[in-house]
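# What the coordinates show
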Amino acid sequence: MTSTAQAPAARRVVRDEASVSSRMPGRQPNRLRVQRLFQLLFLLPAALYLVLFFGYPVVKNVIMSFQAYTTTTFYTGEAPWVGLANYAKVLSSQLFGTALLNTALFTIGSIAGQFVIGLLFALFFRRHFPLSGVLRSLLLLPWLLPLIVSSAVWKWILDQDSGVLNQFLHAFGIGSVPWLTSPSVALITVILVNIWIGIPFNTTILYGGLQDIPAEMYEAGSLDGATGWKAFRYITWPMLRPVVSVTLVLGVVYTVKVLDIILGLTNGGPANATQTIATQSYDLSFKQFDFGSGAALSNILIVISALFAIVYLRLNRKAIDD
Amino acid sequence: MKPRSRKFGTALAALAMIATVPLVLAGCSGGASSSGGKVDSITVLDYYNQGNDKAVIGKYLDICGAENDVKIDRKLVPGASLIQKVLQQASSKTLPDVLMIDNPDLQQIAATGALSPLDQYGISTDGYAKGVLQAGTYKDKVYGLAPTVNTIALFYNKAVLAKAGITPPKTWDELQASAKQLTTGSQYGFAVDANATYEGTWQFLPFMWSNGGNEKDIDTAGTEEALQLWTDLVKDGSMSKSVVNWTQADVNDQFIAGKAAMMINGPWQIPGLKESGVDYGIAQIPVKSASDTPVAPLGGEVWTVPNTGDKAKQKVAAKIVDCLNSEKNQLAMAKLRFTIPSKTAAAEKFGEEVPEEKVFVDLVASARARTGQLGETWPKAATKIYTAVQSALTGQATPAEALKNAQAGS
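The model shown is predicted, which means the values in this text are computed figures rather than measured ones.

### Brief notes about the overall build of chain B
- Helix and strand content of chain B: 17 helices and 13 strands.
- Radius of gyration (C-alpha) of chain B: 24 Å, near the 22 Å computed for a compact globule of 410 residues.
- With the principal axes as the frame, chain B shows a C-alpha extent of 75 × 60 × 45 Å.
- Here chain B holds 410 residues, and 50% of them are scored as buried.
- Counting contacts in chain B only where the partners sit at least 6 residues apart, residues at least 24 apart contribute 74% of the total.

This is the structure in structure tokens:
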């Protein structure tokens, strides 16, 4: 669509420029400059938006992380420069190791679950069957609910004594599972809830990717004996690769910074079992009012997710180059 | 194309008009203050944004406004976002004329310089309970006063206890024994809030303080014994393992649902309890040995006068704060909100008129402010306390280890 719409326009510009240069060779630089100016003007709103809403917060956050930024700063505007002290403090904190490990487990666990289940759902819904449209839209439900609401409901479902889930398990003779109250189970529970929330996103994007694979390929493949698993392995998966990488990169970036679900379910507890870098950063900034340290920790989080994105994009480019 | 662009034009014009509204408003308020004469409105910010509290506070703000011949312009935010809102307003110099703050946050905000000391307005601080002034004081000056305050005590289900032939426990041993006896079927004997927030810390404080524990150093024998008590209650099944994830509201729900025979909670739950029809009684939180004095943590919100730079308005704002704290208004608000007047004389009167809350009246008289010893650094200590409680209750560490680790951790 876009390429066909752009092509005539581009051609016209070229023709205009050619005719202009042939008729008035003397005014060419001037005209070009005006054109260039207009081009830049069109860029201006987007550039301004980026600087204001992306550049400023990031730069501000970096500066904040080098300052003793406290509640007083908000009133007086004074934030003494402390160099790397905030970074030293958060990195040497007892909790940093725990939070880093939890962040890694939470991200890997959530992404793996969301992606696999999302892909299975996408493949399932590619076959058309009665009510498939309705069911597919119902699948979006977790995505439509406000996270605070869904975490409150999950907390109620997962209550150890009177929660619906344990009552249900009792019927099968399974004893009370301490979903949110045992330090060794809580992280797994939080990951499971996050998987539930992430499935619609993965399904939707992967389903869209599947729609773009031409049906003829499967017809041709089936003539060569590629059906079922083989069709997936040799046709679907390679064709889906670009969509898969987008899904995974976005998934990681979204998951690394998850805050509300954890706060809603466990508040980082019990005994810091679900404390991640994101919740720890929130705690430092908004509960202990140590905004400098909170900013330092969140910068570390930004670097982690940026690193992941760069590594992944590189791998991806290499795959395409090959 | 044409109609669309006209519509766009109209939208733009509308937008432009809306954009000028703040300018006009700013112009108005600017005019009112610079005239230096009569103040006709006072802005107020608080977090009583629901139900009964919202109505009662609104009513008494209006009464005090009328008394001082000003209109009250009240803004409400949810409790959790109040401090963020205040910080935002502090940096944009748009603080309200009267500001309500939860008492443990007062010193933090006063330390920024955003609040004005109340003595400069000639407000008397006589007759208040000791803890109330302690909570409102920063560096020897009182910055905030609370009309009514609260604390926590032991709520028990009268019918259940009577049936089991148990009187409300007074000591830790009695608490353990009766909690165990009351645990049957889906009913636990006892419930507290031990979650990973300051609420969890707040519920642990009376046990810790009454046994000689101190927030400056939690790695002491007194605090350890208190934590051992909670740990034992979970271990022997008298208290649900879920306490590490319950809020005070959850605890109250458990109590109402008959899943806890006794609980620790505050007077703000009374309206809900009355509505539920549960026949409850209120007693002091058990102490280790009968001769110990119970020490309760002081809760409640203080009203302050921020430094807005408009002296005339600040003066009127101080009058509003003073009016909210008049003995008459304290008593009236206390009755409507089930909280305790902060002036001792009013509290005693309240205790006579509402005998059910006599326990709270007694506790408040000697209650301790959370920021009394540590001031601005209280949040750090509070985090250590709930961390230790959580790790002991979940069995990650013994109470002694848990407290030692938490005290050492930064």
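Right, picking up where we left off after that structure.
### Considering the sheet that holds strand S1 (residues 41–46) of chain B
All names here are of chain B.
- Pairing in this open sheet of 5 strands is mixed, and the strands run S2-S1-S3-S12-S6 from one edge to the other. With one partner strand each, in any of the chains shown, strand S2 (71–76) and strand S6 (144–145) form the two edges of the open sheet.
- Lying over the sheet, helix H2 (residues 51–67) contacts S1 and S2, oriented at roughly 155 degrees with respect to S2.
- Here helix H12 (residues 311–324) sits on the sheet and contacts S1, strand S3 (98–102), S6 and strand S12 (301–304); the angle it forms with S1, its principal contact strand, is near 55 degrees.

### What to know about helix H11 (residues 215–223) of chain A
- Counting buried positions along H11 of chain A yields 0 of 9 residues, so the element is predominantly exposed.
- Among the residues trailing H11 of chain A, glycine 225 of chain A stands out with phi positive, at a value near 90 degrees.

### With respect to the environment of proline 399 of chain B
All names here are of chain B.
- By the element assignment, proline 399 lies in helix H17 (residues 399–408).
- Since 22 C-beta atoms lie within 10 Å of it, proline 399 is described here as buried.
- Along the backbone, proline 399 and leucine 118 are 281 residues apart, and their C-alpha atoms lie at a distance of 43 Å.
- Those residues in contact with proline 399, other than ones at most four positions away along the chain, are Glu224, Leu227, Gln228, Thr231 and Ala392.

### Thoughts on the sheet that holds strand S9 (residues 188–191) of chain B
Residues and elements named next belong to chain B.
- Pairing within the open sheet is mixed, and its 4 strands lie in the order S9-S10-S8-S11. Edge strands, defined here as strands with exactly one partner in the open sheet, are S9 and strand S11 (280–283). Between one strand and the next, the sheet's axes are offset by a mean angle of 20 degrees, whatever the strand orientation.
- The pairing of strand S8 (residues 153–157) with S11 spans 4 bridges and is antiparallel. The residue of S11 that forms the bridge with tyrosine 156 is glycine 281.
- Along the sheet, helix H7 (residues 172–182) contacts S9 and strand S10 (260–265); its crossing angle with S9, the most-contacted strand, is approximately 130 degrees.

The rules behind each value
Residues numbered from 1 in each chain as written. Chains lettered and ligands numbered in written order. Predicted model: local features only at pLDDT ≥ 70, side-chain atom pairs only at ≥ 80, totals over all residues. Helix = DSSP H or I, 4+ residues; strand = E, 2+ residues; numbered from the N terminus. Rg over C-alpha atoms; globule rule 2.2 N^0.38 Å. Buried ≥ 20, exposed ≤ 12 C-beta atoms within 10 Å, placed from the backbone. Contact = placed C-beta atoms within 7 Å. Pairing = 2+ DSSP bridges. Axes fitted to C-alpha atoms, helices over the stretch in contact; angles between N-to-C directions.

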